[in-house]
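Chain residues, written in single-letter form:
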Amino acid sequence: QVQLVESGGGLVQAGGSLRLSCAASGRTFSNYNMGWFRQAPGKEREFVVTISSSGRTTYYADSVKGRFTISRDNANNTVYLQMNSLKPEDTAVYYCAAEDGRLISRSEGRYHYWGQGTQVTVSS
């Protein structure tokens with residue numbers, strides 16, 4: 001089992017920045033690819049970004065490319081999501097997730113473990 005706890009959400013004006021953190025506990029964090037997903041009100045959950053277990057490979061959704069940056073600290077069992085130039089359409093509950101596949105994936109069905117989510121609200 002892997003337990004994931006997100007933090008860092010909040011209310012920010014458009015154009016502002018937030019950094020989300022996801023702290024992991026349980027099994028060896030460095031064995032897992034990590035992903036961030038989000039769910040806006042009335043919409044399905046969608047992929048945001050993923051990072052490989054080593055941190056060497058990342059993949060971003062087009063909607064956040066160039067504005068969001070994922071990183072991880074395997075020594076401290078934490079993955080981060082730096083969000084810059086935020087837009088009102090980024091408003092959502094953000095979830096981190098873990099999966100132990102050989103390759104990174106944007107498919108939420110591949111992710112075995114999920115956090116409880118953290119709310120990000122971007123005002124216009």
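Note that the coordinates shown come from a computational prediction; the quantities given were computed from them, not determined experimentally. (Residues numbered from 1 in each chain as written. Predicted model: local features only at pLDDT ≥ 70, side-chain atom pairs only at ≥ 80, totals over all residues. Heavy atoms only, no water.)

Student: Describe the sheet that holds strand S1 (residues 2-7), naming the residues involved and giving the relevant values.
Tutor: Hydrogen bonds between backbone groups are what pair the strands of a sheet, and the pairing can be parallel or antiparallel. Strand order in this open sheet of 4 strands is S1-S3-S8-S7, and the pairing throughout is antiparallel. Of all the strands in the sheet, the pair left with one neighbour each is S1 and strand S7 (68-73). Averaged over all adjacent pairs, the angle separating strand axes in this sheet is 15°, with direction ignored. Examined bridge by bridge, S1 and strand S3 (residues 18-26) share 6 bridges and lie antiparallel to one another. Residue pairing across strands places Leu-4 opposite Ala-24, the latter belonging to S3. (Pairing = 2+ DSSP bridges. Helix = DSSP H or I, 4+ residues; strand = E, 2+ residues; numbered from the N terminus. Axes fitted to C-alpha atoms, helices over the stretch in contact; angles between N-to-C directions.)

Student: Please set out the side chain of Thr-118 residue by residue, giving values where relevant.
Tutor: In this structure, Thr-118 sits in strand S11 (residues 118-123). With sequence-adjacent residues up to four places away left out, Thr-118 is seen in contact with Glu-6, Ser-7, Gly-8, Gly-9, Leu-20, Ala-92, Val-93 and Tyr-94. (Contact = heavy atoms within 4.5 Å.)

Student: Provide a residue-level description of the environment of Ser-17, including the pertinent values.
Tutor: Positionally, Ser-17 belongs in the loop between strand S2 (10-13) and S3. What makes Ser-17 partly exposed here is its relative accessible area of 39%. For the pair formed by Ser-17 and Val-2, sequence separation is 15 residues and the distance between their alpha carbons is 28 Å. Excluding residues within four positions of it along the chain, Ser-17 makes contact with Val-12, Gln-82, Met-83, Asn-84, Ser-85 and Leu-86. (Buried < 20%, exposed > 50% of the residue type's maximum accessible area, 1.4 Å probe, protein only.)

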